[in-house]
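Working through the structure, step by step
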Amino acid sequence: GAVVSQHPSRVICKSGTSVKIECRSLDFQATTMFWYRQFPKQSLMLMATSNEGSKATYEQGVEKDKFLINHASLTLSTLTVTSAHPEDSSFYICSAVLDRGSQPQHFGDGTRLSIL
Amino acid sequence: DAKTTQPTSMDCAEGRAANLPCNHSTISGNEYVYWYRQIHSQGPQYIIHGLKNNETNEMASLIITEDRKSSTLILPHATLRDTAVYYCIVRASGNTGKLIFGQGTTLQVKP
């Protein structure tokens with residue numbers, strides 16, 4: 001089945017640091033990738049939709065200057081949390097889909113971000 | 001996209017079938033029903049999806065009522081490793097592709 005790899009799986013860093021998370025589709029070319037955030041005991045919240053070669057579309061309330069998304073190829077999207085603060089600590093998950101038909105999204109295993 | 005309603009939690013005995021219901025009474029004609037599950041501290045795992053016909057794969061079966069207002073995910077022989085949060089999501093084909101996650105059903109498989 002489709003495999004999506006996310007790296008790193010866990011990050012612990014100091015407040016003010018910028019952190020980059022990578023999302024790769026390993027065995028298919030993803031026309032669209034998505035970034036989600038999940039706080040403890042809550043469901044996934046969509047942050048942004050990323051299409052290869054174009055600007056990401058952010059959900060309401062998500063700061064695009066805070067969460068920089070780059071989707072330079074059909075197999076790689078990156079999320080950079082800029083100047084991270086403790087309130088940015090969360091579980092970040094990406095997903096990828098082959099096209100926008102009925103094909104399902106496939107998810108990475110997530111990145112646990114802890115800001116001290 | 002239509003909203004779904006699922007029970008908050010369910011228990012199932014190991015080896016027995018787990019039947020997880022989902023209501024989607026406002027579903028539109030071009031909307032598919034998707035099921036995912038999330039095991040603690042992992043990303044969601046795709047299970048199955050369907051439009052109006054019942055579907056079966058190596059993981060589960062999906063039964064969709066004739067009026068499409070509800071569906072049931074069936075895990076035929078639940079194991080302890082099936083303990084997870086199960087999400088039922090409705091999404092139209094060809095739209096932006098967004099999946100909107102609700103709270104899902106926490107399935108606890110007990111020995």
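The present account deals with the structure reproduced in this document.

Rules behind the numbers
Residues numbered from 1 in each chain as written. Chains lettered and ligands numbered in written order. Predicted model: local features only at pLDDT ≥ 70, side-chain atom pairs only at ≥ 80, totals over all residues. Heavy atoms only, no water. 1 Å grid on protein atoms, 1.4 Å probe; cavity = no way out; pocket = protein on both sides within 12 Å on 5 of 7 lines; lining within 4 Å. Points joined across faces, edges and corners; volume = space filled by probe spheres on them. Nonpolar A, V, L, I, M, F, W, Y, C, P; charged D, E, K, R; others polar. Helix = DSSP H or I, 4+ residues; strand = E, 2+ residues; numbered from the N terminus. Salt bridge = Lys/Arg side-chain N within 4 Å of Asp/Glu carboxyl O. Disulfide = S-S within 2.5 Å. Pairing = 2+ DSSP bridges.

In this structure, the largest pocket encloses a volume near 490 Å³. Residue composition of the lining of the largest pocket, grouped by class: eight nonpolar, 12 polar and two charged. Space inside the second largest pocket adds up to approximately 370 Å³. In terms of lining, the second largest pocket is formed by 20 residues, of which the most central are Ala2 and His106 of chain A together with Pro44, Gln45 and Tyr46 of chain B. Counting only elements with at least two residues in the lining of the second largest pocket, the list comes to strand E10 (106-107) of chain A together with strand E3 (31-38) and strand E4 (45-50) of chain B. For the lining of the second largest pocket, the leading source of residues is E4 of chain B, giving three residues. The residue inventory of the lining of the second largest pocket, partitioned by class, reads nine nonpolar, eight polar and three charged.

For the rest of this paragraph, the subject is the pattern of salt bridges. Residues and elements named next belong to chain A. The tally for this structure, following the rule as stated, stands at five salt bridges over all chains. A salt bridge links glutamate 22 to arginine 24, with the shortest nitrogen-to-oxygen separation between them at 3.4 Å. Aspartate 88 serves as the salt-bridge partner of lysine 66, at 2.7 Å between the closest nitrogen and oxygen. Remark: aspartate 88 occurs in the loop between strand E8 (76-81) and strand E9 (90-97) and lysine 66 occurs in the loop between strand E6 (57-58) and strand E7 (67-73); sequence separation between them is 22 residues.

Turning next to the state of the cysteines. Disulfide: a covalent bond connecting the sulfur atoms of a pair of cysteines. All names here are of chain A. Per the counting criterion, the structure on display carries two disulfides over all chains. Across the disulfide from cysteine 23 sits cysteine 94; the S-S distance is 2.0 Å. Measuring handedness by torsion sign, the sulfur bridge of cysteine 23 and cysteine 94 sits at about 80° and is right-handed. Of the two residues, cysteine 23 sits in strand E3 (residues 19-25) while cysteine 94 sits in strand E9, which places them 71 residues apart along the sequence.

What follows concerns the pairing of E7 of chain A. The side chains of a regular strand alternate between the sheet's two faces. Residues and elements named next belong to chain A. The pairing of E7 with E8 spans five bridges and is classified as antiparallel. Bridge assignment links asparagine 70 to a residue of E8, and that residue is threonine 78. Between E7 and E8, which pair antiparallel and follow one another directly, the connecting turn spans two residues.

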